[in-house]
Amino acid sequence: MHRISCQTCPMQKCALFTPHSEEQKEFLEDFKSGELSVEPGTQILLEGSSAPQIYTVLEGMGLRDKTLENGRRQVLNFVLPGDFLGLQASVMGEMMHSIEAVTEMRLCVFRREDLWTLFRTQPALAYDVTWIAAAEEHFLGETVATLGQRDGTERVAWALLKLYQRLRGLGLEKAGQVPLPFRQQDLADALGLSLVHTNKTLSRLRSDDMADWSDGKLSVPDIHALAELAVTDPEALPRRPFL
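Below you will find a few notes about this structure. Keep in mind the model is a prediction, meaning the values are calculated, not measured.

**Thoughts on the overall build of the chain**
Link 1 in the chain: The helix and strand inventory of the chain stands at eight helices and eleven strands.
Link 2 in the chain: Against the globule reference of 18 Å for 243 residues, the chain gives a C-alpha radius of gyration of 18 Å, in line with a compact fold.
Link 3 in the chain: Residues classed as buried in the chain amount to 48% of the 243 residues present.
Link 4 in the chain: Restricting the contact set of the chain to residue pairs at least 6 apart, pairs at least 24 apart contribute 72%.
Link 5 in the chain: Accessible area of the chain: about 12,000 Å², with a carbon and sulfur share of 53%.
Link 6 in the chain: Side-chain charges in the chain split into 25 positive and 34 negative, and the spacing between the mean points of these groups amounts to 1 Å.

In structure tokens form, the structure reads like this:
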């Protein structure tokens, strides 16, 4: 597999991400220890583990999830290109959730121990890591508000809107559709809903011509109508840093 250089990384040209300076690209080229390709179903990071690597997603999609003692699962987030994985173990010593590949994925690999070199020598990149952590905190706050205050239909609409906007921002929209290779059960487990309720809500959104998720693809004919149903604003996504 040909290794992707930080100089030619496709995310440098993606409208959703803030590109790196030449100095930062040179640093990241040395900071990067390799690349990893995984098959669907691979556990990239395990809850309770203390892996020596951290990752940036180059290609593919996955799930962050947490399993309770009784075996029930809570999906915490959907992993998309550009996401930074493993920071929690770097700071807290072990992962408090797992990350699983849903599709084939390609990851940039960094040594966890080298993160401190980044903080000592690259203050702008260190701020980027802090920004990424703050964005995760903000999103989790939105999720808590959704689970606590939105009804079932509003939850599904909110989740589809957020995923559609993010995937479109990544440049993955083709012919009005973005890839969404997850299962309905994954969405149900993310939103605290039953599979039956989730399926009925998706069917209703499809019949109302608000959102159509089928055959692994999502289309949103009227983003403003979907946002109104989700009790949110369809504001443009801010540009975000990546490593």
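**So, unusual backbone geometry**
Link 1 in the chain: Even without glycine at this site, A175 takes up a positive phi of about 50°.
Link 2 in the chain: Assignment of secondary structure puts A175 in the loop between helix 5 (152-169) and strand 9 (177-179).
Link 3 in the chain: Backbone geometry places D209, a non-glycine residue, at a positive phi of 60°.
Link 4 in the chain: As for its placement among the helices and strands, D209 is situated in the loop between helix 7 (195-207) and strand 10 (212-214).

**Describing the side chain of R64**
Link 1 in the chain: Note on placement: R64 falls in strand 4 (residues 62-67).
Link 2 in the chain: We classify R64 as buried; its relative accessible area is 7%.
Link 3 in the chain: One polar contact links the side chain of R64 to the main-chain carbonyl oxygen of F84, over a distance of 3.3 Å.
Link 4 in the chain: Setting aside its immediate chain neighbours within four residues, R64 contacts Q74, V75, L76, N77, V79, D83, F84, L85, H97, S98, I99 and E136.

**Some thoughts on the pairing of strand 7 (residues 98-101)**
Link 1 in the chain: Taken together, the two bridges between strand 2 (residues 43-45) and strand 7 define a ladder with antiparallel strand orientation. When the sheet's bridge partners are listed, L45 is paired in strand 7 with I99.
Link 2 in the chain: Here strand 4 runs beside strand 7; their pairing, made up of four bridges, is antiparallel. The residue of strand 7 that forms the bridge with R64 is I99.

**Topic: the pattern of salt bridges**
Link 1 in the chain: Tallied over the full model, the rule gives 13 salt bridges.
Link 2 in the chain: We note a salt bridge from K32 to E35, for which the minimum N-O separation is 2.6 Å. Side by side, K32 and E35 carry an identical accessibility label, which is buried.
Link 3 in the chain: Here D83 ties to R166 by a salt bridge, and the two come within 2.7 Å at their closest N and O atoms. Here D83, found in the loop between strand 5 (73-79) and strand 6 (84-85), pairs with R166, found in helix 5; they are 83 residues apart in sequence, far enough to count as distant. Here the two residues D83 and R166 agree in accessibility, since each one is buried.

Thresholds applied
- Residues numbered from 1 in each chain as written.
- Predicted model: local features only at pLDDT ≥ 70, side-chain atom pairs only at ≥ 80, totals over all residues.
- Heavy atoms only, no water.
- Helix = DSSP H or I, 4+ residues; strand = E, 2+ residues; numbered from the N terminus.
- Rg over C-alpha atoms; globule rule 2.2 N^0.38 Å.
- Buried < 20%, exposed > 50% of the residue type's maximum accessible area, 1.4 Å probe, protein only.
- Contact = heavy atoms within 4.5 Å.
- Areas by Shrake-Rupley, 256 points an atom, 1.4 Å probe, with all protein chains shown as cover.
- Lys, Arg positive; Asp, Glu negative; His and termini not counted.
- Charge placed at Lys NZ, Arg CZ, Asp CG, Glu CD.
- Polar contact = N/O pair within 3.5 Å; in protein donor to acceptor, adjacent residues only side chain to side chain.
- Pairing = 2+ DSSP bridges.
- Salt bridge = Lys/Arg side-chain N within 4 Å of Asp/Glu carboxyl O.

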